[in-house]
Amino acid sequence: MLNQIQAIVCGLLIFCGTGAAEFYVSPAGNDSHPGTIDQPFATLVQARNAVRAARSSEQAVTVYLRGGTYVLDQTLVFGLRDGAPQGAAIRYMAYQDETPVISSLKPVAGWRKLSSTLDGLPAESQGSVWVADVGTGRNFKVLYREGSMLQRARSKGFLPVRSEPGKESLTRLTVPAGIGLRTWENLRDVEVLIRPLYPWAMNVLPVDNINTAERTVTTTIGGTYPLEPPPAAFQKVHELFETCWFENAVDFLDSPGEWVLDSAKGKLYLWPVDGNQPAGIAFPQCVELIRIEGDPRDDAATDNVVRGLEFKGITFTGNDRYTWRDKEPSYQHDWSAVDQPSAMLRLRCAEDCVVEECRFVRGGTSGIRLDLQAQHNRIEGNRFSELGGHGIALCGYGPGTKDANKQNKILNNRIDHIGIFYWASSGIYVAQSGENRIANNLIHNVPYIGITLSGARDFNWQRGRDGEGYRSIRWQDVQAEEKKMLQDAYAKHVERTDLFLPYLHARRNLIEGNEVFSAVEVLGDGNAIYLSGAGTGNRIRRNYVHHILSDGISTAMRPDDLQEQTTFEQNIVYKCVYGAVEHKHQNHYINNIFACIYPTNIHGREWKEWAYFIFGRGPNTGSRIQNNIFYAADGSPRFYYNRWNSPMDDSIIDNNLYWCAENPESAAEQLEALQAAGHDLHGVAADPMFADIAAGDFSIAENSPALKAGFRPVDISTIGLQSPWKEKLVGGNLLHTRISPPSQMIESNIEIRIKCSQRDAVIRYTTDGTEPTENASVYKSSLKFSEPVYIRAKAFKDGAEDLQGAAEFYTVKGKH
């Protein structure tokens with residue numbers, strides 16, 4: 001085989017002269033071919049092997065992928081010998097305008113109607129279920145129909161039974177009466193899906209054993225927190241009535257489109273959507289589709305890396321879901337873990353690589369991960385949608401002295417509808433990775449956080465908590481005397497931040513020009529942009545965060561525990577609930593617009609601690625809140641609030657502008673109170689004179705008092721996807737939907753109208769806060785309500801896209 005490949009390469013070099021080598025691969029090709037455009041290879045493996053032989057003699061190699069689907073039965077690995085020579089590139093790219101697709105899906109054949117009685121199968125399913133043999137030893141977690149993921153059979157949702165104090169467990173769940181519980185035949189295939197105790201975590205836990213007498217279920221891996229119901233306060237605020245359910249037992253197979261796998265018997269059960277014999281059904285054969293893998297050297301300062309691989313114009317789809325191992329070395333809240341094989345395309349110890357204009361869609365994991373030593377890589381112009389985990393994740397080594405994941409560029413990507421399986425997913429997740437530029441990305445319709453910068457925030461030596469990143473800490477890098485000082489400090493309830501800041505490497509990141517909307521749509525206590533235990537020197541600049549209208553948001557931007565020396569500047573936060581910022585420690589807020597922040601969640605319940613700017617935890621020594629615009633359209637806004645008695649006096653608050661269009665006296669009174677307390681002595685209460693804030697135009701008039709106070713205008717045209725990526729990822733024909741009147745407190749009845757920029761588009765709407773689909777109610781005439789309501793609308797038209805849709809909510813005075 002090697003001689004054959006060398007002969008092929010020699011022929012190509014003669015064909016190409018002294019220029020770069022070119023290979024072609026096509027699903028209709030043959031691996032015995034020479035890899036030319038007329039006689040292409042059939043597989044990516046053969047193309048990779050040909051590149052290996054060419055690599056030693058060529059400075060650059062390009063592999064052109066012809067259109068069609070390339071099916072992998074195992075992960076395709078590019079190792080050290082597959083990288084490019086220093087300064088060169090090896091490219092795997094779509095040929096011209098063709099669409100190559102990389103998948104791992106294997107069709108399921110031999111379907112037959114289930115004729116025998118199956119223990120536990122619901123009565124409504126009898127006669128509707130089909131079965132196929134897929135072979136024993138397969139334990140896939142995702143099933144596809146015509147490329148789209150199907151819903152696995154799931155039980156009714158429930159709240160776990162609360163354990164007696166002191167008997168809470170990470171692996172034991174008590175199930176309430178009314179939820180069917182038995183020792184299922186495929187017990188080890190059944191999984192517990194749960195939001196354990198707190199609204200910011202979500203786990204998928206394989207079942208280990210069931211005690212039907214005690215109604216307890218034990219799992220093979222532990223949850224982030226005890227498998228308990230949320231505290232009463234969280235249940236009330238977030239209206240959490242069901243935080244747990246089971247999946248993958250025939251007892252739950254009660255709806256069309258659902259499926260169950262019995263891996264021990266090799267049986268796949270399916271209730272077809274159309275009731276006919278199943279067609280187009282396929283299961284994934286691997287989790288990672290492609291892995292670029294160098295040589296990680298845990299005890300060395302640097303790893304051996306693969307360099308210079310580029311992927312362009314390729315669609316990645318159809319992979320399996322990743323299942324966590326017990327006690328993985330995870331970062332904060334188990335949102336991800338160190339060196340975790342949980343992405344379609346994984347760069348593990350890789351540098352100078354490029355992923356451009358690719359699509360990561362309809363898959364069980366994250367789209368891309370940059371793991372361990374990953375530097376100078378560029379991820380640009382890609383689409384991430386309908387994924388089980390994060391869109392993009394950058395995950396370095398755990399906190400310690402090894403700072404190896406940095407200086408990457410994440411630019412102009414569109415990320416939406418991710419976190420399908422792991423709800424605690426972010427559009428872009430950064431842990432222990434620094435000096436990156438994350439710019440002009442569009443992130444929307446995500447279950448939790450838009451952009452996360454995190455690491456670890458519990459350095460309590462020998463008393464580590466689960467879920468706070470403690471397991472990821474490289475304690476071998478920490479000096480013995482520092483461990484002792486940490487232990488002594490925690491014993492006195494003191495956090496020695498100075499001791500562990502040097503080990504936090506998600507620092508000096510530049511997060512700029514990103515647009516985030518419709519975040520925190522499922523979980524609670526989340527944000528559009530979040531930092532905690534990340535490191536110092538991060539800049540959050542010129543981002544546009546808007547329409548975060550959910551019951552689970554905890555301010556749009558948030559530097560949380562152990563986050564210091566972050567600068568938020570020239571950002572626009574518009575139409576969000578609860579707050580624009582929750583501030584902790586020493587961080588700075590300069591020249592931002594905070595506009596239309598609402599005191600109630602989407603259910604009409606007023607937050608007790610809401611405000612535009614919330615002081616959450618001190619000390620805040622030296623923090624700067626300067627030259628910002630605080631703008632309210634109506635109501636009685638609360639611009640500042642001290643949560644848990646966090647101090648304001650150790651911050652510098654000055655030169656801010658405050659205004660409420662409907663109630664100017666409120667702004668003036670709050671500024672007077674601030675100045676009486678010695679704050680914002682140069683602040684003004686005046687109209688900033690926005691051009692058209694209701695239409696998203698935040699430009700201000702030349703004679704605006706904000707300019708006189710030192711505010712610098714924010715050019716919103718530089719935010720979000722930029723050309724040519726905007727046209728490629730969103731399209732040129734955009735629909736714009738508007739709901740009127742805007743969100744407000746109402747006296748009793750309200751009449752709501754919805755319009756679209758193109759009159760021949762069909763407008764659909766919901767009143768329960770869910771995103772409108774093509775099955776939602778059609779808007780025909782004005783809507784009238786007398787109770788709190790949350791309206792979301794979206795227009796549909798062939799050849800056009802309503803990217804943002806519209807969202808407004810209305811609260812009845814006196815009923816929240």
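Model, not experiment: these values are computed from the prediction.

### Focus: the overall build of the protein chain
Argument step 1. The secondary structure content of the protein chain amounts to 8 helices and 65 strands.
Argument step 2. Here the C-alpha atoms of the protein chain give a radius of gyration of 28 Å, agreeing with the 28 Å that 2.2 N^0.38 yields for 816 residues.
Argument step 3. Counting only C-alpha atoms and orienting by the principal axes, one finds that the protein chain spans roughly 85 × 70 × 70 Å.
Argument step 4. Among the 816 residues that make up the protein chain, the fraction classed as buried is 60%.
Argument step 5. Of the charged side chains in the protein chain, 83 are positive and 97 negative, and the gap between their average positions amounts to 2 Å.

### Considering the pairing of strand 17 (residues 259–262)
Argument step 1. Residues W259 and L261 line one face of strand 17 and the alternating positions V260 and D262 line the opposite face, and both faces are buried.
Argument step 2. Pairing between strand 17 and strand 18 (residues 267–270): 4 bridges, direction antiparallel. The residue of strand 18 that forms the bridge with L261 is L268.

### Some words on the sheet that holds strand 14 (residues 203–211)
Argument step 1. Spatial ordering of the open sheet is given by 12-15-14-13-16, a layout of 5 strands whose pairing is antiparallel. Edge positions in the sheet fall to strand 12 (172–174) and strand 16 (244–247), since each of these pairs with one other strand and no more. Looking at each pair of strands side by side, their axes are set apart by 40 degrees on average, direction ignored.
Argument step 2. As paired elements, strand 12 and strand 15 (residues 216–219) share 3 bridges and run antiparallel to each other. Along strand 15, the bridge assignment pairs L173 with V217.

### Description of helix 2 (residues 44–55)
Argument step 1. Compared with the 16 Å implied by 1.5 Å per residue over 12 residues, the 16 Å span of helix 2 between its first and last C-alpha is a close match.
Argument step 2. When helix 2 is considered as a whole, its buried residues turn out to be L44, Q46, A47, R48, N49, A50, V51 and A54.

### Some remarks on the environment of I693
Argument step 1. Here I693 shows up in the loop between strand 56 (690–692) and strand 57 (697–700).
Argument step 2. The exposure class of I693 is buried, given its relative accessible area of 12%.
Argument step 3. Sequence separation between I693 and A595 is 98 residues, and the spatial gap between their C-alpha atoms is 8.9 Å.
Argument step 4. The contacts of I693, once residues within four sequence positions are left out, are Y574, A595, Y631 and F698.

### What to know about the sheet that holds strand 58 (residues 737–740)
Strands in a sheet are paired, the pairing made by backbone hydrogen bonds, and the direction either parallel or antiparallel.
Argument step 1. Ordered by their spatial adjacency, 3 strands build an open sheet running 58-60-63, and the pairing between neighbours is antiparallel. The open sheet has two edge strands with one neighbour each: strand 58 and strand 63 (783–785). Going across the sheet, the axis of each strand differs from the next one's by a mean of 25 degrees, ignoring polarity.
Argument step 2. Sheet analysis places strand 60 (residues 750–756) next to strand 63, joined by 3 bridges and oriented antiparallel. Bridge pairing links E751 to K784 in strand 63.

### Here we look at the side chain of S426
Argument step 1. Looking at the secondary structure, you find S426 in the loop between strand 33 (414–416) and strand 34 (428–431).
Argument step 2. Note on S426: relative accessible area 1%, which makes it buried.

### Observations concerning the state of the cysteines
Argument step 1. Across all of its chains, the model carries 0 disulfides by this definition.
Argument step 2. This cysteine, C353, is not joined by any disulfide, and C349 carries the nearest cysteine sulfur, 11 Å off.
Argument step 3. The thiol of C395 is unpaired, and the distance to the nearest cysteine sulfur, on C349, comes to 13 Å.

Reading the values: rules and limits
- Residues numbered from 1 in each chain as written.
- Predicted model: local features only at pLDDT ≥ 70, side-chain atom pairs only at ≥ 80, totals over all residues.
- Heavy atoms only, no water.
- Helix = DSSP H or I, 4+ residues; strand = E, 2+ residues; numbered from the N terminus.
- Rg over C-alpha atoms; globule rule 2.2 N^0.38 Å.
- Buried < 20%, exposed > 50% of the residue type's maximum accessible area, 1.4 Å probe, protein only.
- Lys, Arg positive; Asp, Glu negative; His and termini not counted.
- Charge placed at Lys NZ, Arg CZ, Asp CG, Glu CD.
- Pairing = 2+ DSSP bridges.
- Axes fitted to C-alpha atoms, helices over the stretch in contact; angles between N-to-C directions.
- Expected span 1.5 Å × (residues − 1).
- Contact = heavy atoms within 4.5 Å.
- Disulfide = S-S within 2.5 Å.

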